[in-house]
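# Architecture at a glance
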Amino acid sequence: MGIEVKIYIKRLIKERNISLRELSRLADIRHPALSELANNKRKNINLGHIKRIAESLDIEDIREIIDLEITKD
């Protein structure tokens with residue numbers, strides 16, 4: 001068994017009917033950095049980015065943005 005980090009940015013922007021570029025503007029995060037995060041291309045996650053995303057989208061539970069999933073290897 002392993003643990004995988006799941007990032008739900010694509011789901012969030014779809015639910016809120018905004019673009020990734022709009023979220024980038026709202027959260028003041030460079031679009032390429034946000035795109036890498038949304039596409040699980042980042043090795044390190046900047047907690048400041050998660051905080052700004054939460055503030056921009058009025059999210060109170062971090063698990064709406066990021067969570068851990070147990071995988072069967």
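Further up the page is the structure itself.
Residues numbered from 1 in each chain as written. Predicted model: local features only at pLDDT ≥ 70, side-chain atom pairs only at ≥ 80, totals over all residues. Heavy atoms only, no water.

## Some words on helix α3 (residues 31-38)
The following threshold applies: When accessible area is computed with a 1.4 Å probe and restricted to protein chains, residues below 20% of their type maximum are described as buried, those above 50% as exposed, and intermediate ones as partly exposed. Only DSSP runs of H or I reaching four residues or more are called helices, and only runs of E reaching two or more are called strands; each is numbered from the N terminus. Note that the arc is defined by the directions from the helix axis to the C-beta atoms. By definition in these notes, contact holds between two residues if any of their heavy atoms fall within 4.5 Å.
Along α3, the residues that are buried comprise Ala33, Leu34, Leu37 and Ala38. For α3, the buried positions fall inside an angular range of 135 degrees around the axis, keeping them on one side. In this structure, the buried residues of α3 make contact with β1 (2-7), α1 (9-15), α2 (20-27) and α4 (47-56). Once α3 ends, the next one or two residues include Asn40, with phi positive near 55 degrees.

## Topic: a nonpolar patch on the surface
The cut-off we apply is this: The residues that make up patches have over 30% relative accessible area and no salt bridge, and they are joined within 9 Å when like-charged or within 5 Å when they are Val, Leu, Ile, Met, Phe, Trp or Tyr. To be clear on the numbers: accessible area is Shrake-Rupley with a 1.4 Å probe, and residue cover counts the displayed protein chains and nothing else. The term salt bridge refers to a side-chain nitrogen of Lys or Arg lying within 4 Å of a carboxyl oxygen of Asp or Glu.
Together, Met1, Ile3, Val5, Leu68 and Ile70 line one region of the surface with nonpolar side chains, adding up to about 590 Å² of accessible area. Listing elements by their share of the nonpolar patch, those giving two or more residues are β1 and β2 (66-71). Structurally, Leu68 is set in strand β2. Residue Leu68 is classed as exposed on the basis of its relative accessible area of 57%.

## A look at the side chain of Thr71
You can see Thr71 is positioned in strand β2. A relative accessible area of 17% means that Thr71 is categorised as buried. Beyond its immediate stretch of four places on either side in the chain, Thr71 contacts Met1, Gly2, Ile3 and Glu4.

## As for the nonpolar core
Selection criterion: Put simply, buried Ala, Val, Leu, Ile, Met, Phe, Trp, Tyr and Cys residues joined by side-chain atoms within 4.5 Å make one nonpolar core.
Counting 19 residues, the largest nonpolar core has Ile9, Leu23, Leu34, Ile53 and Ile65 as the members making the most contacts within it. Those elements that provide at least two residues to this core are α1, α2, α3 and α4. Of all the elements, α3 adds the most residues to this core, at 4 residues. In this structure Ile65 touches Lys6, Ile7, Tyr8, Leu12, Ile50, Ile53, Ala54 and Ile59, once residues within four positions along its chain are discounted.

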